[in-house]
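# Fold and contact review
Single-letter residue listing:
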Amino acid sequence: MKCFLPVLSCLAVLGVAAAQRLVAIQEGPLYRTEGSHITIWCNVSGFQGPSEQNFQWSIYMPTAPEREVQIVSTMDSSFPYAIYTQRVHSGKIYVERVRGNLALLHITDLQARDAGVYECHTPSTDERYFGSYSAKMNLVVIPDSLQASAVPQTLHKVEQDPLELTCDISTETLQHSHLSVAWLRQRGGEKPVEVLALSRDFVLQSSSDYAQRLSLGEMHLDKLGSTTFRLTIFHLQPSDQGEFYCEATEWIQDPDGSWYPMTRKRSEGTVVNVQPTDKEFTIRLETDKRLYTVGEPVEFRCILEAQHVPDRYFAVSWAFNSSLIASMGPNAVPVLNSEFAHREARGQLKVAKEGDNVFVLKIYHLRQEDSGKYNCRVTEREKTVTGEFIDKESKRPKNIPIIVLPIKSSISVEVASNTSVILEGDNLHLSCSIRTAGRPLGRFSVIWQLVDRQNRRSNIVWLDRDGTVQPGASYWERSRFGGVQMEQVQPNTFSLGIYNSRKEDEGQYDCHVTEWVRAVDGEWQVVGERRASTPVSITALETGFAVTAISRTPGVTYCDSFDLQCIIKPHYPSRVPVSVTWRFQPVGTIEFHDLVTFTRDGGVQWGDRSSSFRTRTAIEKAESSNNVRLSISRASDTEAGKYQCVAELWRRNYNSSWTRLAERTSNLLEIRVLQPVTKLQVSKSKRTLTLVENRPIQLNCSVKSQTSQNSHFAVLWYVHKPSDADGKLILKTTHNSAFEYGTYAEEEGLRARLQFERHVSGGLFSLTVQRAEVSDSGSYYCHVEEWLLSPNYAWYKLAEEVSGRTEVTVKQPDSRLKLSQAQGNLSVLETRQVQLECVVLNRTSAASQLLLEWFVWKPNQPERETVARLSRDATFHYGEQAAKNNLKGRLHLESPSLGVYRLFIQNVAVQDSGTYSCRVEEWLPSPSGTWYKRAEDTAGQTAVRVTRPDAALQVDTVVPNATVFEKAAFQLDCSIVSRSSQDSRFAVAWYSLRTKVGGKRGSPGPEDGEEEDEEVEVDEEEEEDPTERTTLLSVGADAVFGPEGSPWEGRLRFQMLSPLLYRLTVLQASPQDSGNYSCHVEEWLPSPQKEWYRLTEEESAPVGIHVLDTSSTLQSIICSNDALFYFVFFYPFPIFGILIITILLVRFKSRNSSKNSEGKNGVPLLWIKEPHLNYSPTCLEPPVLSIHPGAID
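Residues numbered from 1 in each chain as written. Predicted model: local features only at pLDDT ≥ 70, side-chain atom pairs only at ≥ 80, totals over all residues. Heavy atoms only, no water.

Before going further, it helps to spend a moment on the overall build of the protein. Across its full length, the protein holds 12 helices and 86 strands. Restricting to contacts in the protein with at least 6 residues of sequence separation, those with at least 24 account for 60%. Accessible surface for the protein amounts to roughly 64300 Å². Of this, 50% is attributable to carbon and sulfur atoms. (Helix = DSSP H or I, 4+ residues; strand = E, 2+ residues; numbered from the N terminus. Contact = heavy atoms within 4.5 Å. Areas by Shrake-Rupley, 256 points an atom, 1.4 Å probe, with all protein chains shown as cover.)

What follows is the structure in structure tokens.
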């Protein structure tokens, strides 16, 4: 074993230095019932500071699993939250400290709200945080559903009657649990006695009071159904009287495998009274044998068998050959007759009561005249009220005859020993057995003698007939110290023990036996003598005593171990001590000195010049022999030299003193110590590593082989740059695990990014450069130094080697930014909303930040303009285009999902038209924490065209042609059938239409020659229009009224009946007002800038108004007569219509017969336009059918 003990010491030191705090808690989940008392242990180890640690308990309830609720602390009385304060102060929740680093949390009355995850926290007492400071477990509180019930009752039973009791036990626990059921009996204030129990493992068991009856099948425990348990006792005894009840216990298995009694319930009791019935009794007389010899003892036993003997009264009398020997009443005082009373007085006879039901007659020394028949009689007595006894039943057994023979010696003697040949110092045991034909007649005296090789006889020890042991004269001293012992191991066997035998104890051992018998007069007489002997040979201890020194490793490696063995012959038992001393002669000296001594009592004594050996040397004595092995570890030059062992043989005397019998010196052993040969090999494999910046650079340095398992390594890490001649030191870890940063690490600021790790395998070292930068590229290698601990506990460098190189290239991540290139065309109306989508399909890194910019190309503008920008910190900025087109407040940005960005332009205007696109910049963080732009991409373009709504204005005339009387009022309605937008407004104007005369403006009326004072603007095209337009009234889109026309001034009334229906009423109509009228409508819409513009205009069809003069005319006469009116105006029209239709049909058929040749040759067909019919149902004027020029072609 190489350097075993020192390495253990080093590992122990390193273990303490590297120890980390560990908090352990009882494993969960634990299931406990409400109302129970629970304990949860918490243990902390690996800590620094005082041995007594503090504990703080908290709970995370299921209703708020993230919120900590403090319960109790060993260091802060104000630690509990209000919900637990009262229970902690009242002692219902407390912490029991088992020892300094172990505590128990007690909750005496568990509640349902106590369920949750319990955390045990130990405040730090360490110099630095290292390890775990808290641990958690789950506690589940379940309802206590165990029930045990039985019908309370009182039963009166008679002895030997059967007893059956039932108990219902149920539980509704959902978890897997076991039940144990026990029946118990209790009397008064006595401790309950377990009658019969069924354990949780379904094993029947009982207390000692009922164990025998259970084994005999006198009791049963049966399960009836799922919840009922029945106890059956087949034969009751009076001792069964008491209260019986059942007790149920519910057990659950905790995660550590142990079973825990969650709850225990007992049922109501049943009182059982047992009345004894048996009053009979029987008598039995016993003795050992029937044949005796004079002087032997005899004992007669009269045994009473009855129930409740202590509560009854019995008298006993003894008879010999029908003669009374003695009598004994219930008071157990014997009364003997005169002859036997004399023998009883001399101690030769005894009459006694040994128990409640056993009566004894003993004769210690039989005579020949004692031969005869013996008997006893037992009489039951009843005690009266006055205290007197009345004889009841009396019984006696059969007579027992005995025969007493006279004395006759028939002994024989035999001597035996444990061995005939023993080693000096062994114990010698001899036995002298006396054989008799029958029972010994009297006593024996025994003498042990020794006949040596010269036939000299000496008394060793003897035992007289009274049992007194006397040693012989030459053995008196040894006997006093226990070296010679004699005892009577059996009535006829006597032993002799010679302890720590000596050579002079060799010879013939003789046992002389004398038999003595006591006569009737009390004197002793010799009946016979016998003797026997056996030889014993003793071998001296020093015979063949020799010592030899051997070693299997005469040449050892530096720091290895070697063993030296001192072999002692012959093989001595453990009682024979041999002291062994190892002596040492260092190289270059001529003198031996004592190194270490293994003393005869097993102790170790070091020599005066052995200080350098003590911590590295172990001395061991084999249990089966006296061979002594010297083991020296961590061999060095100081242990090289010659070794020799000296053995001394000792013997322990009977008085505990020691005698040195012999001394032997072994041969010389020369030990050579060699330096170790290094086996260090470092992996030379080359690697090429290419990675993206910000990733860790994992560098491995593998020691493929090492000289010793206890080797320590110093690892130096270097990097070689192409611009440098030599490598630069990054980090050095010494053999004792100390860190030293190199100049390169300091210059490049690598300290915070370096992580060194030594793997469990021990031969693999790793250096990790976190958050790699491009500047970290280079050639890396390690320089390994192997260090060993010298025998003098000093580290020295044994060898060193350089590993293969790892070429590391750090590059920036490849750009993977990609935007959607989908092209789009959008056409929207003004005031609507435009959605511009910018989709990032892929990005270089999930940790990157994006800068988004939207821009637009306007028609006839070569340069693009920025609309909006979203910076990397998610700040929204307006572009220059936003200021120009008043986009501020109309832009809205949202990102419904990752990588999707939507820009909304609200309330768009025509000037918002253009081609839009977005540009994205991807920024990445460098390992040093600065951000740089890694990629840029532009998405597909979206052409946006903003249009104004299509004109849908339609105007119609609601009021038809009308004829009114002078001074009456007529209405001009302007109805808007459809509009372009719901947001539009209308400007309405009414015109009077007159046919110009001679190319000049007509008068306002047919009879009025006055010219209008108001001028009417007429376009050049309108100059050719024969219709003259005169404005009656105009209402602007802003609801501002224009001036009234002069002929109608003061007679106009305007009404807006609905948003689409306007009415102008002309009051006080005059004949000059007759003519055609129309309304002109302009539709105005608001622009996105809230400015109104005219979208379209429309004019209604003309409406004819005829005003009648109030004087009598033919027209009025006709209209006043209905029959005349219909004859003149109504009947001609149908006739005239039928005539026209007939003409048209005839002509149409003739044109068809010519196969429409005229149409094909370009001759126009007959077109009939709808005649303009002015008809008034008021009959003020006849209907006028006018066919305008060109109506019929």
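On to the environment of E296, then. The residue E296 is located in the loop between strand 22 (291–293) and strand 23 (298–306) in this model. E296 sits 67 residues away from I363 along the chain, and the two C-alpha atoms are 8.5 Å apart. Polar contacts involving the side chain of E296 include one to the main-chain amide nitrogen of T293, which spans 2.8 Å. (Polar contact = N/O pair within 3.5 Å; in protein donor to acceptor, adjacent residues only side chain to side chain.)

We now examine the sheet that holds strand 71 (residues 900–905). Within a sheet, each strand pairs with its neighbour through backbone hydrogen bonds, oriented either parallel or antiparallel. Strand order across the open sheet formed by four strands is 64-66-71-70, with antiparallel pairing between neighbours. The sheet is open, and its two edges are formed by strand 64 (818–819) and strand 70 (891–897), each paired on a single side. Across six bridges, strand 66 (residues 834–842) lies against strand 71 in antiparallel orientation. The partner of V839 across the bridge, within strand 71, is V900. (Pairing = 2+ DSSP bridges.)

Moving on, we come to the environment of P813. Along the chain, the position of P813 falls in the loop between strand 63 (806–811) and strand 64. Separated by 31 residues in sequence, P813 and T844 place their C-alpha atoms 7.1 Å apart. If we skip the residues at most four places from it in the chain, P813 touches V692, E693, T844, L924, Y932 and R934.

In this sheet, strand 73 (residues 931–938) lies alongside strand 72 (residues 914–925) in antiparallel orientation, the contact comprising seven bridges. Directly across from E922, in strand 73, lies its bridge partner A935. Following strand 72, the chain reverses through five residues before pairing antiparallel with strand 73; G929 in that reversal takes a positive phi of roughly 100°.

In the structure shown here, the tally under the stated rule is 21 aromatic pairs. Ring geometry for Y313 against F389: centres 5.3 Å apart, planes inclined by 65°, an arrangement best described as edge-to-face. Of this pair, Y313 sits in strand 24 (residues 313–320) while F389 sits in strand 30 (residues 389–395), and the two are 76 residues apart along the sequence. For Y313, a relative accessible area of 33% corresponds to the partly exposed category. For F389, a relative accessible area of 34% corresponds to the partly exposed category. Here F584 and Y643 contribute two aromatic rings whose centre-to-centre distance is 4.6 Å and whose plane-to-plane angle is 35°, an arrangement assigned as tilted. Remark: Y643 occurs in strand 50 (residues 641–652) and F584 occurs in strand 45 (residues 578–586); sequence separation between them is 59 residues. As far as burial versus exposure is concerned, F584 and Y643 are alike and both buried. Aromatic ring contacts, followed pair by pair, group F562, F584, F613 and Y643 into a single cluster. Positioned over the ring face of F130 is R128, at 4.8 Å from the centre of the ring. The positively charged end of R200 is found above the aromatic ring belonging to W251, 4.6 Å away from the centroid. (Phe/Tyr/Trp six-rings, centres within 6.5 Å; stacked < 30°, edge-to-face > 60°. Buried < 20%, exposed > 50% of the residue type's maximum accessible area, 1.4 Å probe, protein only. Lys NZ or Arg CZ within 6 Å of the ring centre and 35° of its normal.)

So, on to the sheet that holds strand 53 (residues 681–682). One open sheet accounts for four strands, arranged 53-55-60-59; its pairing is antiparallel. Looking at the sheet topology across the chains shown, the edges are occupied by strand 53 and strand 59 (754–758). Here strand 53 pairs with strand 55 (residues 697–705) via two bridges, running antiparallel. From the neighbouring strand, V682 faces strand 55, where its bridge partner is V703.

What follows covers the nonpolar core. Judged by nonpolar contacts, the single largest core of 34 residues is most densely connected at V580, W582 and Y643. When residues of this core are traced back to their parent elements, those giving at least two are strand 42 (546–550), strand 44 (562–569), strand 45, strand 46 (593–598), strand 49 (628–632), strand 50 and strand 52 (669–674). Of all hydrophobic cores here, the second largest spans 31 residues; its members include L285, L304, I325 and V378. (Core = buried A, V, L, I, M, F, W, Y, C linked by side-chain atoms within 4.5 Å.)

In this structure the tally under the stated criterion is 56 salt bridges. With a shortest N-O distance of 3.3 Å, R435 and E414 are connected by a salt bridge. Taken together, the residues R435 in strand 34 (residues 428–435) and E414 in strand 32 (residues 412–417) connect sequence positions 21 residues apart. For R435, a relative accessible area of 49% translates into the label partly exposed. Residue classification places E414 among the partly exposed positions, given a relative accessible area of 40%. Linked through salt bridges whose partners overlap, the residues forming this network are R284, E286, D288, E299, R301, E305, E354 and K362. (Salt bridge = Lys/Arg side-chain N within 4 Å of Asp/Glu carboxyl O.)

The next point concerns the state of the cysteines. A full pass over the atoms with the stated rule returns eight disulfides. Put simply, C566 and C645 are joined by a disulfide, and their sulfur atoms are 2.2 Å apart. Between C566 and C645 the disulfide shows an S-S torsion of about 75°. By sign, it is right-handed. Placement of the pair is C566 in strand 44 and C645 in strand 50, with a sequence separation of 79 residues. On the basis of relative accessible area, C566 is assigned to the buried category, the value being 0%. On the basis of relative accessibility, which here comes to 0%, the residue C645 falls in the buried class. Each sulfur in the disulfide pair C701 and C782 lies 1.9 Å from the other. (Disulfide = S-S within 2.5 Å.)

Moving on to unusual backbone geometry. Going from G28 to P29, the amide bond is cis rather than trans, its omega being 0°. As for its position among the elements, P29 is in the loop between strand 1 (22–25) and strand 2 (30–33). Note the cis peptide between K569 and P570, where omega equals -5°. When you line up the elements, P570 lands in the loop between strand 44 and strand 45. A positive phi angle is found at S322, which is not glycine, with a value near 70°. Turning to its location among the elements, S322 is positioned in the loop between strand 24 and strand 25 (323–328). For S322, a relative accessible area of 77% corresponds to the exposed category. In this structure, R771 is a non-glycine residue whose phi angle is positive, near 50°.

Attention shifts here to the confidence of the model for the protein. The predicted structure's coordinates, where accompanied by low pLDDT, should not be read in detail. Here the protein averages 84 in pLDDT, and 89% of its residues register 70 or above. Confidence drops under pLDDT 50 across residues 999–1023; counting only partners more than four residues distant or on other chains, this segment forms 31 contacts. (pLDDT = per-residue confidence, 0-100.)

Moving on: the side chain of E380. Among the structural elements, E380 can be located in strand 29 (residues 372–383). Of the residues examined, E380 reaches a relative accessible area of 14% and is grouped as buried. A polar side-chain atom of E380 sits 3.1 Å from a polar atom in the side chain of R312. Beyond its immediate sequence surroundings of up to four residues, E380 is in contact with K279, F281, R312, Y313, F314, I390, D391, K392 and E393.

Here we come to the environment of C246. Structurally, C246 is set in strand 18 (residues 242–253). The class of C246 is buried, set by a relative accessible area of 0%. For the pair C246 and L231, spaced 15 residues apart in sequence, the C-alpha to C-alpha distance is 9.3 Å. Those residues within four positions of C246 in sequence are excluded, and the remaining contacts are C167, A182, W183, K265, R266 and S267.

Topologically, Q26 is positioned in the loop between strand 1 and strand 2. Q26 sits in the buried class, given a relative accessible area of 11%. Other than its neighbours up to four places away in sequence, Q26 contacts R32, T39, I40, W41, M137 and D254.

Here we take up a nonpolar patch on the surface. Side chains of L291, I403 and L405 sit close together on the surface and give an oily, nonpolar patch of about 260 Å² of accessible area. Residue position: L291 is located in strand 22. On the basis of relative accessibility, which here comes to 46%, the residue L291 falls in the partly exposed class. (Patch = residues over 30% accessible without salt bridge, like charges linked within 9 Å, V, L, I, M, F, W, Y side chains within 5 Å.)

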